[in-house]
Protein chains: 2
Amino acid sequence: MLKERKMPQKPEDVELKERLAAARRRLAGQQMQIKERKLPVLALMEGWGTAGKGSIIGQVIRNIDPRFFQVISLEVASQEDLRKPFLSRYFTKIPEAGKFVFLDSGWMEEITMLRLQKGLEGKAYEEKLESIRRFERQLTDNGYLVVKFFFQIGEKEQRKRIESLQKDIDTRWRVSDSDLWQNKHYEKCLEVYAHYLEMTNSPSAPWYIVDAKTRKWAELQVLETLTEGIDIALQNHAPATPLLQNVFPLAKMPKLSEIALDARISEREYKEELDRLQEHLGELHNRLYRKQVPVVIAYEGWDAAGKGGNIKRITEALDPRGYQVHPIASPQPYEKARHYLWRFWSRLPKTGHIAIFDRSWYGRVMVERLEGFCSENDWKRAYNEINEFEKELADWGAVVIKFWVQIDKDTQLQRFELRQNTPEKRWKITDEDWRNREKWDAYEVAVNEMIQKTSTAYAPWHILESVDKRYARIKALRIVIEEIEKAVM
Amino acid sequence: MLKERKMPQKPEDVELKERLAAARRRLAGQQMQIKERKLPVLALMEGWGTAGKGSIIGQVIRNIDPRFFQVISLEVASQEDLRKPFLSRYFTKIPEAGKFVFLDSGWMEEITMLRLQKGLEGKAYEEKLESIRRFERQLTDNGYLVVKFFFQIGEKEQRKRIESLQKDIDTRWRVSDSDLWQNKHYEKCLEVYAHYLEMTNSPSAPWYIVDAKTRKWAELQVLETLTEGIDIALQNHAPATPLLQNVFPLAKMPKLSEIALDARISEREYKEELDRLQEHLGELHNRLYRKQVPVVIAYEGWDAAGKGGNIKRITEALDPRGYQVHPIASPQPYEKARHYLWRFWSRLPKTGHIAIFDRSWYGRVMVERLEGFCSENDWKRAYNEINEFEKELADWGAVVIKFWVQIDKDTQLQRFELRQNTPEKRWKITDEDWRNREKWDAYEVAVNEMIQKTSTAYAPWHILESVDKRYARIKALRIVIEEIEKAVM
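Residues numbered from 1 in each chain as written. Chains lettered and ligands numbered in written order. Predicted model: local features only at pLDDT ≥ 70, side-chain atom pairs only at ≥ 80, totals over all residues. Heavy atoms only, no water.

**Thoughts on the confidence of the model for chain A**
When the pLDDT values of chain A are averaged, the result is 94; 99% of them are 70 or greater. Overall fold confidence (pTM) sits at 0.85, and the ipTM for the predicted complex is 0.74. (pLDDT = per-residue confidence, 0-100.)

**As for the packing of helix H2 (residues 53-60) of chain B against helix H10 (residues 215-235) of chain B**
All names here are of chain B. At a minimum axis distance of 10 Å, the contact between H2 and H10 shows a crossing angle of 60°. Compared by their axis directions, H2 and H10 come out oblique. The handedness of the crossing between H2 and H10 is right-handed. Counting all contacts with H2, which are made through Ser55, Ile56, Gln59 and Val60, the residues of H10 involved are Arg215, Ala218, Glu219, Val222, Leu223 and Leu226. Looking at side-chain class alone, the contact of H2 with H10 contains 6 nonpolar, 2 polar and 2 charged residues. (Axes fitted to C-alpha atoms, helices over the stretch in contact; angles between N-to-C directions. Helix = DSSP H or I, 4+ residues; strand = E, 2+ residues; numbered from the N terminus. Parallel < 35°, antiparallel > 145°, perpendicular 65-115°, else oblique. Left-handed = near helix turned anticlockwise from the far one by under 90°. Contact = heavy atoms within 4.5 Å. Nonpolar A, V, L, I, M, F, W, Y, C, P; charged D, E, K, R; others polar.)

**What about the nonpolar core?**
Counting residues in hydrophobic clusters, the biggest one holds 304 residues, and the most contacted among them are Phe102(A) and Phe102(B). Not counting residues within four places of it along the chain, the set of residues in contact with Phe102(A) comprises Ala43(A), Met45(A), Ile57(A), Val60(A), Ile61(A), Ile64(A), Phe69(A), Gln70(A), Val71(A), Ile72(A) and Leu226(A). (Core = buried A, V, L, I, M, F, W, Y, C linked by side-chain atoms within 4.5 Å. Buried < 20%, exposed > 50% of the residue type's maximum accessible area, 1.4 Å probe, protein only.)

**Let's talk about the side chain of Asp433(B)**
In this fold, Asp433(B) is placed in helix H18 (residues 431-438). The charged side chain of Asp433(B) is buried without a salt bridge, its nearest counter-charge being Arg419(B) at 5.1 Å. (Lys, Arg positive; Asp, Glu negative; His and termini not counted. Salt bridge = Lys/Arg side-chain N within 4 Å of Asp/Glu carboxyl O.)

**Some words on unusual backbone geometry**
Residue and element names in this part refer to chain A. One non-glycine residue, serine 105, lies in positive phi territory at about 70°. With respect to the secondary-structure elements, serine 105 resides in the loop between strand S3 (100-104) and helix H5 (107-118). Judged by its relative accessible area of 6%, serine 105 falls in the buried class.

**Section: the sheet that holds strand S9 (residues 399-406) of chain B**
Residue and element names in this part refer to chain B. The 5 strands lie next to each other as S7-S8-S6-S9-S10, forming an open sheet whose pairing is parallel. Either end of the sheet is taken by a strand with one partner, and the two such strands are strand S7 (323-327) and strand S10 (461-465). Looking at each pair of strands side by side, their axes are set apart by 20° on average, direction ignored. Sheet topology places S9 next to S10; 5 bridges connect them, and they run parallel. Bridge pairing in S10 places tryptophan 404 opposite isoleucine 463. Across the sheet, helix H20 (residues 469-488) is in contact with strand S6 (295-301), S9 and S10; its angle to S10 comes to roughly 155°. (Pairing = 2+ DSSP bridges.)

Printed below as a string of structure tokens:
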């Protein structure tokens, strides 16, 4: 689409000026609607070095109040970035509802450069393209407006601009090694860019090629495309989007009602096993660090099922410098204003580290579903979105472990009453716990559906029978050890 | 205090065991009080490499619910860290109210290593010590419990531990180059550590030397000291702390009522000057980037004084990849739970970048003072805390520019009415604006006091007379240019 494409015709100067003024006014007028309608707008600027992405962004934002936008310029990935999954540095930077983010190059630049300079190709390249398509779809499906621009200039024009920048000591730093490399290998780059643009040109997040030969003309193309996109997005009122058929291999899982809860362990066996397994896990933690394998553990389960104590038996075995427990409560305003997976993308461990989530992204298909915090289309779509999220983690090399901590309704009642009647435990029980208990049956339906639909081969659910909490703790330790061993042995 | 100090006597095994059990219970019992009383606890673990800081942290946190603590292990400063002021990587990691942060080494390690290996000494070293004392005092004065441990082991013991770790492939990575260097230069390190400990041993954040020869004994010392410190902090109910006398050079500033507001500029002169100054500022931005000078600009002023439009005339001149505007509204829960300067420390620019704050840390001595969001002692202390904060910025090499945008009461009324009567401007006016207007006189008292007390030589206030907004914009551009030129020429 880059090579054969006929560039739009640049209008005459008078018309250009008039249309520019109109487009600027239109964008200025749209910003309050965007705020009121809580529309998040992500404008991605990709293209040739020196094509003027930065300076066009500078023009466009003149029409927007600084409270409503952020410009993010992605530099070379830091050491920290390189220890996170590929999409992490992009997902964490998405705008919040009602605001713009302008990204001065992003995932296209990263992937095409890997292809051009580091030999990314074949299946590995295809997988990255698929990750990107999923990422963009997850944004647009969740109400984001994603507008993608590619700034096009010719080989000679680029060379001319590079030379002009190099002449002045104050602008010389603007010419990067990558710009020079691009110009030297223009044809090869063109090939790779053209292929990338085709492979990621989706109906909900299409590409716009900008003729960047002159500045005002480029600004006009960006402004008209952007304002058009915004108007269309504003016309839509949280449209439902198609539910995709599952493409991931699923494990067969039991229903909660089919799970026997009579497993017990003796006090003596518990102590012996606990010591042995914790020591073993402690050793594995060292190896994990040395091999730089990340681990993500998610705990879900009934209130009072024993999640906290279970997590504690895992963490006791670990070096505190190498893990973090993330208790997940209801989101704060800045979290609620973004894609529901944003706060989990922002809490992923570095390679070699362990992140334990006490409640997790599965809130989308449990509490958010049952309390109506999201639409039916939202939570129905979430099973696939979550499978995709965990696929990213698995592809990154993470060990992903998900525990459902299971008890029966009577056991929960006993534990609630115990908490209520023991002063130092009373803080653990709230009115909300009692209210949730009343919805046990509805939750059971949701949990069953969740376990059926998200037990993928790469991130299956593990059931922890926790009427005997000690039994559940030993089982969890064994599973964690087993899964980590698979990855580091 | 490290060298002459008599180590506490290690108790017999039976007593050790009993005291350990008691201390663990005590800490477990304290966590809910800490939560309820919203006490933030920062435990800093410093000391010799291989002294067991990490493993003692691992023991201590066993007694605390994972929702209430975080362990932060500070690694070598990243490129990003090195482009922020020295204290930034520590200030941004302080705990929130009701929670613990355990820091596995921090500013002591950084400063003593700079002294030992990079020749930090004399006045530069003294300044760092003063920064650290201010930092710790700002925390304790604002209700933080800061407990500092130094883990002490002898030269031979350290050598033995290093050799033992090196034997096993899974633990070899735990021995850092810095550990090896320390052991080789033990006496020299001892000297430097001892001096540091003495110079930073303050009554509100004193040092505790831990005899780290055996693990359980070290754990006991930490637990007993920590729990004792917590009990004392819990007994105190937000105690007022002494107001320090100003030590910074202050500029003489007018009262608001003395400021003439009749300055005007013609439409023609405005346009000419705007073009000229913006072009000049754009060029300076390049130079700023090349010289890696950071710029921090804070805007304060009456509602409708024209802050937004003024900021816009600055940003129009800048490369959007090199600046960020931070609109400051009332803090979100996670922000309110921390020291009031935390959200500004977290928003500082990198070197070579510009951060513009639309409202700022001065909220402490204006809205927080007038609305009673903090105590009288809090806001009275804040003048000095803010001067110290800006001193850190100035010492880091930042250009710090503070604008008060001034109008009179009648002008505000006219602009409020214009906003109210113009549909596309109505979002800019809220009931709160009208309420604030009623408190004009009280605000004027607060603003006068603020300007008198925080116009330091290194970060003076600049008044922008903004009855004629165009005049104020030109004046702001000139000041920004002048201040930046001083730094980059």
